Amino acid sequence: MESGSRSNSQLRKAVCHSGPEKGQVRSPSVIVIGGGIAGVAAARALHDASFQVILLEARERLGGRIYTNYSFGFPVDLGASWLHGVCKENPLAPLIGKLGLPLYRTSEDNSVLYDHDLESYALFDMEGKQVPQELVTKVGQVFEAVLEEADKIRDEYTEDMTITRAFSIIFERRPELKMDGLAHKVLQWYLCRMEGWFAADANTISLKCWDQEELLPGGHGLMVRGYLPVINTLAKGLDIRLGHRVSKVVRRYNEIKVTVENGTTFVADAAIVAVPLGVLKANTIEFEPKLPDWKESAISDLGVGVENKIILHFEQVFWPNVEFLGVVAETTYECSYFLNLHKATGHSVLVYMPAGQLAEDIEKLSDEAAANFAFTQLKKILPDASDPINFLVSRWGTDVDTLGSYSYDIVGKPHDLYEKLRIPIDNIFFAGEATSTSFPGSVHGAFATGVMAAEDCRMRVLERYGELNIFQPVLAEEPVSVPLLISRL
Ligand SMILES: Cc1cc2nc3c(=O)[nH]c(=O)nc-3n(C[C@H](O)[C@H](O)[C@H](O)COP(=O)(O)OP(=O)(O)OC[C@H]3O[C@@H](n4cnc5c(N)ncnc54)[C@H](O)[C@@H]3O)c2cc1C
């Protein structure tokens, strides 16, 4: 498949399509662009279906927004860390179960805090005074009532609006739901957690679409040993080229030519584009012929938000033995949230997770200043906190190979954009979290799109070969049902 910088197209073809003796069927070939969970899942499936597959990954590591870092001497995830939907229906459950990877469940179904319950937590005000639990529970109920009202507003108005605008209409109509003082700050904290879920500020989240994704049952489980083992397992035995940042994709009749930054060219029957939405938006990959207008509109009309992690490693635990700590404040921008990894993993680590504008602003700081900022938030609630011994800072918003944490619906745009992003263009297929209609912004959603793109690609390519029966379906192996290892508290 690889042609180096050679220009002779015959030679390229020869390399790409070499191999079969007379009478033998040559394997169809596919180039997968992007080695996140979607790309790796697609490559695995096609490899197992006897395709020749090359996976081109820009970074010097696989995983993309799955990034388990081991520099502290144990695994910590700078990207995804939860399995959303701890149940056998989750497309990743068979693999996670088979690998025996333990999960620490942080919430059951339908929590107002998405991936947390109000079971084990401590919220504080800016002066370090703990907010009474009864108040947090009561405001949680008010927040749920506000969201129910938002549903009614959605039915009343034909045009879409932001969550912020919907809330202000609700507070005008139902003044008893408007809170003052400390209760107002707690409500802001709930809203701040909602912003974290979407990686976007409330004044950009769409009222029409905010609850359109499907939530699988079973609650949310932290991957105690990190997500990377899942990637490594899927990637075993594949032809993977790290450090290969694709710059051009040329589509010809029955052939795709892909060029990477150093000029090397690869040719195959088809390609699966599994790069992040942010990368597609930045137009750093040139498509020839250019993508159709409807595809370009889908790329520009879907939103991509920012959420980051600042991971603080301490000599020892000095904080309360709860799953998360929070700081409540006048505005969501000033609220904070720390995940206590000690609860799930036994390591003395707190993870500060800013989202939206705050996350973007923090990315303008150096790593040291960002870690300092997070530590300052912690000091507000625990003034005697000792300095971290180590830290890690993610920059998903500005990292050229991601350019945003995950997709979300922009106000006034339809929810079918995810599907439009997924639809293939001839022999170019698309995968990745932003192509998932049901589970955008998630690992299992991205995984499922990779498998789906592989199946679509297999059908499309084999149609031409007329040998549909020779190659295995992409999910040849029956998923084995192994119970998930779940703990809590
Ligand atoms: C901070 C954070 C927390 C998250 N938490 C969770 C969570 O707890 N649970 C959950 O389910 N989801 C979570 N997510 C979302 C989840 O990580 C993503 O939805 C999922 O990992 C996306 O996978 P993907 O394969 O679509 O994209 P990616 O993982 O981004 O993979 C795309 C790959 O393409 C590569 N690439 C980019 N440009 C090029 C190019 N030009 N040429 C070649 N390769 C290229 C990239 O380097 C990358 O490896 C989180 C995300 C972030 C950022």
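The chain appears in an unreviewed UniProt entry as Amine oxidase domain-containing protein from Cucumis sativus. A UniProt comment under Cofactor (unreviewed entry) is attached to the chain, and it reads "FAD". The UniProt entry for the chain carries this comment under Pathway (unreviewed entry): "Amine and polyamine degradation; spermine degradation."

> Before we go on, may I ask you to explain the overall build of the chain in this structure?
Across its full length, the chain holds 14 helices and 23 strands. Relative to its length of 489 residues, the chain is compact, with a C-alpha radius of gyration of 24 Å against a globular reference of 23 Å. Across its three principal directions, the C-alpha atoms of the chain cover 80 × 55 × 45 Å. Of all 489 residues assigned to the chain, the portion counted as buried reaches 48%.

> Could you clarify how one ought to interpret the site of the ligand in this entry?
Among the 41 residues in the neighbourhood of the ligand, the closest are listed as G34, G36, G64, A80 and G432. Taken together, the elements giving at least two residues each to the shell around the ligand come down to α2 (37-48), β5 (82-84) and α14 (443-465). Considering each element in turn, the shell around the ligand owes the most residues, 3 residues, to α2. The residue makeup of the shell around the ligand, split by class, is 18 nonpolar, 15 polar and 8 charged.

> Just to check I follow, could you spell out the packing of α2 against α14 for this structure?
When two helices pack together, you describe them by how their axes are tilted relative to each other and by the distance separating the axes. Running from N to C, α2 and α14 cross one another at 35 degrees; their axes reach a closest spacing of 7 Å. Both α2 and α14 take part in a crossing whose hand is right-handed. Residues I37, A38, G39, A41, A42, A45 and L46 of α2 form the contact with α14, whose own contacting residues are V443, A446, F447, T449, G450, V451, A453, A454, C457 and R458.

> When you look at the sheet that holds strand β10 (residues 246-252) in this model, what are you seeing that I'm missing?
Think of a sheet as strands paired side by side through backbone hydrogen bonds, with each pair either parallel or antiparallel. The strand order β12-β11-β10-β14 describes an open sheet built from 4 strands, whose pairing is mixed. Each end of this open sheet is capped by a strand with a single partner; those strands are β12 (265-268) and β14 (286-288). Pairwise comparison of adjacent strand axes, ignoring direction, gives a mean angle of 15 degrees for this sheet. Sheet topology places β10 next to strand β11 (residues 255-260); 6 bridges connect them, and they run antiparallel. Paired with R251 across the strands is I256, a residue of β11.

> Can you walk me through α2 in this structure?
Helical geometry: 3.6 residues make up each α-helical turn, so side chains three or four residues apart lie on a common side. Over its 12 residues, α2 extends 16 Å from the first C-alpha to the last, a length consistent with the 16 Å expected when each residue adds 1.5 Å. With 11 of 12 residues buried, α2 lies mostly within the body of the structure. If you check which residues of α2 are buried, you get I37, A38, G39, V40, A41, A42, A43, R44, A45, L46 and H47. Its buried side turned inward, α2 meets β1 (29-33), β2 (52-56), α7 (228-235), β13 (270-273) and α14. Directly beyond the C-terminal end of α2, a positive phi value near 70 degrees is found at S50.

> Teacher, can you tell me more about the packing of helix α4 (residues 133-156) against helix α6 (residues 181-198) here?
Where α4 meets α6, the axes come as close as 9 Å, and the angle between the chain directions of the two elements is 60 degrees. If you check the angle between α4 and α6, you find them oblique. Crossing of α4 over α6 shows right-handed handedness. Counted together, L135, V136, V139, G140, V142 and F143 of α4 and L182, A183, V186, L187 and Y190 of α6 form the full contact between these two elements.

> What exactly am I supposed to notice about the nonpolar core here?
Nonpolar side chains in soluble globular proteins tend to be buried together. One finds V30, I31, I33, A42, A271 and I272 to be the most contacted residues of the largest nonpolar core, which totals 144 residues. If we skip the residues at most four places from it in the chain, I272 touches V30, V32, I33, G39, A42, F429, A431, A453 and C457.

> Teacher, can you tell me more about the UniProt feature "binding site: substrate" (unreviewed entry) in the chain here?
Per the UniProt annotation, the sites labelled "binding site: substrate" (unreviewed entry) are Y352. Here Y352 lies in strand β19 (residues 349-352). Look at Y352 and you get buried, because 24 C-beta atoms sit within 10 Å. Filtering out sequence-adjacent residues up to four positions away, Y352 remains in contact with I310, L312, S336, F338, A374 and Q377.

> Quick question: what am I supposed to make of unusual backbone geometry here?
Here E288 and P289 are connected by a cis peptide whose omega angle stands at -10 degrees. Topologically, P289 is positioned in the loop between β14 and α9 (293-301). Unusually for a residue other than glycine, N254 sits at a positive phi of about 60 degrees. Its location among the elements puts N254 in the loop between β10 and β11. Look at N254 and you get exposed, because 11 C-beta atoms sit within 10 Å. One non-glycine residue, L403, lies in the positive phi region at around 55 degrees.

> Looking at this model, I keep getting lost on the pairing of β10. Mind explaining?
Within a regular strand, side chains alternate between the sheet's two faces. Linkage of β10 to β11, two consecutive antiparallel strands, is achieved through a turn of 2 residues, within which N254 is found at a positive phi near 60 degrees. Where β10 and β14 come together, 3 bridges link them in parallel fashion. Within the sheet, the bridge partner assigned to V250 lies in β14 and is E288.

> What am I meant to see in the sheet that holds β2 here?
Read across the sheet, 5 strands follow the order β9-β2-β1-β13-β22 without closing on themselves; strand pairing throughout is parallel. Both edges of this open sheet fall to β9 (239-241) and β22 (428-430), since each of them pairs with a single strand only. The average angle at which neighbouring strand axes cross in this sheet is 20 degrees, direction not considered. In this structure, β13 lies alongside β22, joined through 3 bridges in parallel fashion. Bridging from a neighbouring strand, V273 pairs with F430 of β22.

> It is not clear to me how the confidence of the model for the chain should be interpreted in this structure. Could you clarify?
Any region with low pLDDT has predicted coordinates that should not be read closely. With 90% of its residues at a pLDDT of 70 or more, the chain shows a mean pLDDT of 90. The model gives residues 5-21 a pLDDT under 50, and that stretch makes 20 contacts with residues more than four places away or in other chains.

> Sorry, what's going on with the environment of S120 here?
Considering the arrangement of structural elements, one finds S120 in the loop between β6 (102-107) and β7 (121-124). Of the residues examined, S120 has 16 C-beta atoms within 10 Å and is grouped as partly exposed. Sequence separation of S120 and L325 is 205 residues, and the distance between their C-alpha atoms is 9.2 Å.

Thresholds applied
- Residues numbered from 1 in each chain as written.
- Predicted model: local features only at pLDDT ≥ 70, side-chain atom pairs only at ≥ 80, totals over all residues.
- UniProt positions renumbered as here; feature names shortened; annotations may be inferred.
- Helix = DSSP H or I, 4+ residues; strand = E, 2+ residues; numbered from the N terminus.
- Rg over C-alpha atoms; globule rule 2.2 N^0.38 Å.
- Buried ≥ 20, exposed ≤ 12 C-beta atoms within 10 Å, placed from the backbone.
- Near = placed C-beta within 6 Å.
- Nonpolar A, V, L, I, M, F, W, Y, C, P; charged D, E, K, R; others polar.
- Axes fitted to C-alpha atoms, helices over the stretch in contact; angles between N-to-C directions.
- Left-handed = near helix turned anticlockwise from the far one by under 90°.
- Contact = placed C-beta atoms within 7 Å.
- Pairing = 2+ DSSP bridges.
- Expected span 1.5 Å × (residues − 1).
- Parallel < 35°, antiparallel > 145°, perpendicular 65-115°, else oblique.
- Core = buried A, V, L, I, M, F, W, Y, C linked by C-beta atoms within 7 Å.
- pLDDT = per-residue confidence, 0-100.

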